[in-house]
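Listed here are the chains, written in short residue letters.
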Amino acid sequence: MKSMSREIGIDLGTSYTRISLRGRGLVLSEPTVVAINKITGEILAVGNQAKEMLGRTPDSIVAVRPLKDGIIADFEATRMLIQNLVYRVVPKSLFYKPKVVITIPSSITDVEERAVEGVGYKAGAKAVYLMEEVMAAAIGAGLQIERPEGSMIVDIGGGTSEMAVMSLGGIVTENSVKVAGDKLDKDIVEYIRTRFNVLIGETEAEEIKKQIGSASSAMTEERISVKGRNLSNGLPETVTVTTVDINEAMKDSLEIILKAIKTTLEKTPPELSSDVMSKGIVLCGGGALLKNIDRYINEQTGIPVFIAESPTECVARGVASALENIEVLKKSTKGRIV
Ligand SMILES: Nc1ncnc2c1ncn2[C@@H]1O[C@H](COP(=O)(O)OP(=O)(O)OP(=O)(O)O)[C@@H](O)[C@H]1O
Ligand SMILES: [Mg+2]
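Here the structure is a predicted model, which is why all the values come from computation and not from measurement. (Residues numbered from 1 in each chain as written. Chains lettered and ligands numbered in written order. Predicted model: local features only at pLDDT ≥ 70, side-chain atom pairs only at ≥ 80, totals over all residues.)

1. Some thoughts on the nonpolar core
Here is step 1 of the chain: In terms of nonpolar packing, the biggest core is built from 93 residues, with V34, A138, I153 and L283 touching the most fellow members.
Here is step 2 of the chain: Non-local contacts of V34, meaning those with residues more than four positions away in its chain, are made with I43, V46, A50, V64, P66, A77, M80 and L81. (Core = buried A, V, L, I, M, F, W, Y, C linked by C-beta atoms within 7 Å. Buried ≥ 20, exposed ≤ 12 C-beta atoms within 10 Å, placed from the backbone. Contact = placed C-beta atoms within 7 Å.)

Dropping the structure here:
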């Protein structure tokens, strides 16, 4: 019998891993978290279930986020994660040597790149193609990248913020900073620790960011109560923080992202940057959901800013369309079949 071959796209993100299948598009999206039994090495949970365990595990269990700043920090856990998620959408019997496209951040080193390839092969792939996340994001956001004019995508994820100006199907200028959603969460933890002497978890910080966080403090002020631990007496304590507090906490990091956008435009040939100035910047990634991020970037650059439709799914959509269209795949991946 002829063996079954499949094409699978993996947006391996610091916060979320999203799987697409050729002909079906995005089929699964789960947090990039793995819970492992430390003693036996056995995998206990992956994705949502594992995320709930973060910071709440007994000694024998460890819940890890195997990617840090967009790159693999724990190879074995990443392999387990990919295998587990892929088996959920493609029955094991059909997972016969698929071709796999995996996204990579543009700042990746050769060694890190080989780790991504390696993880794909270890998980059972016949061929591993690497695709720059920012290219996938641009395609998935619907930018007309093939045209002879400049368009700009900014992908603010969990671990990295990546931005690129594209023209004629290629990346003309790009930039990447390891400041994105995770750093904003850390900023909030740090701010509450310094200001109130109370320690909260990063998961709580993320919740605060999503609920009342805003990139522009001039907007309506909201407040939220959060439980933490008083660092002097070790007892639980509830503090109330406002949008202004959270904006203050995130200010420096937001400025780093803004500066990276400005630098990208400065390095871009004037014909193309003037296209961007008139057509605008498109935002994607989970960071595009931060309230008023579009307004903030617009006010600071004078350039129109648009948020892509379902911004967290852009990269996966771009990967899915690359699976459909071998022309795009060849151009935008490094095309290596090792
Ligand atoms: N409503 C929201 N407001 C603010 N931030 C949000 C919101 N929703 C999600 N985020 C943040 O978006 C980030 C995740 O974005 P995304 O899923 O694009 O990351 P990723 O692709 O996994 O990471 P990366 O591409 O950097 O490796 C998280 O930091 C999350 O807290
Ligand atoms: Mg991403």
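What follows picks up the thread again.
2. A look at the confidence of the model for the protein chain
Here is step 1 of the chain: Averaged over every residue, the pLDDT of the protein chain is 90; residues scoring 70 or more account for 93%.
Here is step 2 of the chain: When the criterion is pLDDT under 50, residues 331-338 qualifies, and its contacts beyond four places in sequence or with other chains add up to 16 contacts. (pLDDT = per-residue confidence, 0-100.)

3. Things to note about the packing of helix 7 (residues 243-267) against helix 9 (residues 293-301)
Here is step 1 of the chain: Their axes nearest at 11 Å, the elements helix 7 and helix 9 cross at an angle of 55°. The angle between helix 7 and helix 9 falls in the class oblique. The chirality of how helix 7 crosses helix 9 is right-handed. Only Y296, I297, Q300 and T301 of helix 9 make contact with helix 7, whose side of the interface consists of L254, L258, I261 and K262.
Here is step 2 of the chain: By residue class, the composition of the contact of helix 7 with helix 9 is five nonpolar, two polar and one charged. (Axes fitted to C-alpha atoms, helices over the stretch in contact; angles between N-to-C directions. Helix = DSSP H or I, 4+ residues; strand = E, 2+ residues; numbered from the N terminus. Parallel < 35°, antiparallel > 145°, perpendicular 65-115°, else oblique. Left-handed = near helix turned anticlockwise from the far one by under 90°. Nonpolar A, V, L, I, M, F, W, Y, C, P; charged D, E, K, R; others polar.)

4. Re the sheet that holds strand 10 (residues 127-132)
Whenever strands of a sheet pair, they do so through backbone hydrogen bonds, lying parallel or antiparallel.
Here is step 1 of the chain: Read across the open sheet, the five strands follow the order 3-2-1-9-10; overall the sheet is mixed. Taken across any chain shown, the strands that pair with only one partner, and hence form the sheet edges, are strand 3 (25-31) and strand 10. Along the sheet, successive strands turn relative to each other by an average axial angle of 20°, direction set aside.
Here is step 2 of the chain: With six bridges joining them, strand 9 (residues 99-104) and strand 10 adopt parallel strand pairing. (Pairing = 2+ DSSP bridges.)

5. Remarks on the pairing of strand 15 (residues 223-230)
Here is step 1 of the chain: Note that strand 14 (residues 198-199) and strand 15 share two bridges and pair antiparallel. In the sheet register, L199 faces strand 15, and the bridge partner there is R229.
Here is step 2 of the chain: Linking strand 15 back to strand 16 (residues 236-242) in an antiparallel pair, the connection comprises five residues, with G234 at a positive phi of about 75°.

6. Let's talk about the site of ligand 1
Here is step 1 of the chain: Around ligand 1, the surrounding shell holds 23 residues, and the nearest of these are G13, S15, G157, G181 and G286.
Here is step 2 of the chain: Residue assignment for the shell around ligand 1 shows that the elements contributing at least two residues are helix 5 (181-196) and helix 6 (202-212).
Here is step 3 of the chain: Sorting elements by how many residues they give to the shell around ligand 1 places helix 6 first, with three residues.
Here is step 4 of the chain: For the shell around ligand 1, the residue count by class is four nonpolar, 14 polar and five charged. (Near = placed C-beta within 6 Å.)

7. Side note on the packing of helix 4 (residues 133-140) against helix 10 (residues 314-324)
Here is step 1 of the chain: Here helix 4 crosses helix 10 at 90°, and the two axes come no closer than 6 Å. Of the possible angle classes, the one that applies to helix 4 and helix 10 is roughly perpendicular. Between helix 4, through E133, M135, A136, A137, A138, I139 and G140, and helix 10, the contact on the second element is made entirely by C314, V315, A316, R317, G318, V319, S321 and A322.

8. Focus on the domain arrangement of the protein chain
When the parts of a complex come together, some accessible area is lost, and that lost area is often used as the size of the interface.
Here is step 1 of the chain: Structurally, the protein chain comprises domain 1 (7-132 + 315-332), domain 2 (136-179 + 252-313) and domain 3 (181-249).
Here is step 2 of the chain: Taken together, the contact between domain 2 and domain 3 spans 15 residues of the former and 10 residues of the latter.
Here is step 3 of the chain: For the side of domain 2 that touches domain 3, the secondary structure elements donating two or more residues are helix 7 and helix 9.
Here is step 4 of the chain: In terms of residue count, the dominant contributor to the side of domain 2 that touches domain 3 is helix 9 (three residues). (Domains from an automatic or database assignment.)

9. Points about the environment of V134
Here is step 1 of the chain: Turning to its location among the elements, V134 is positioned in helix 4.
Here is step 2 of the chain: In the structure, V134 is positioned 83 residues away from K51 in sequence and 26 Å away in space, judged by C-alpha atoms.
Here is step 3 of the chain: Apart from residues no more than four positions distant in its own chain, V134 is found in contact with S106, I153, D155, E162, A164, I171 and E174.

10. Let's talk about the sheet that holds strand 6 (residues 61-64)
Here is step 1 of the chain: Overall, antiparallel pairing links the three strands, which are arranged 5-4-6 in an open sheet. The outermost strands of the open sheet, each flanked by one partner alone, are strand 5 (43-46) and strand 6. For this sheet, the mean inter-axis angle between neighbouring strands, taken without regard to orientation, is 15°.

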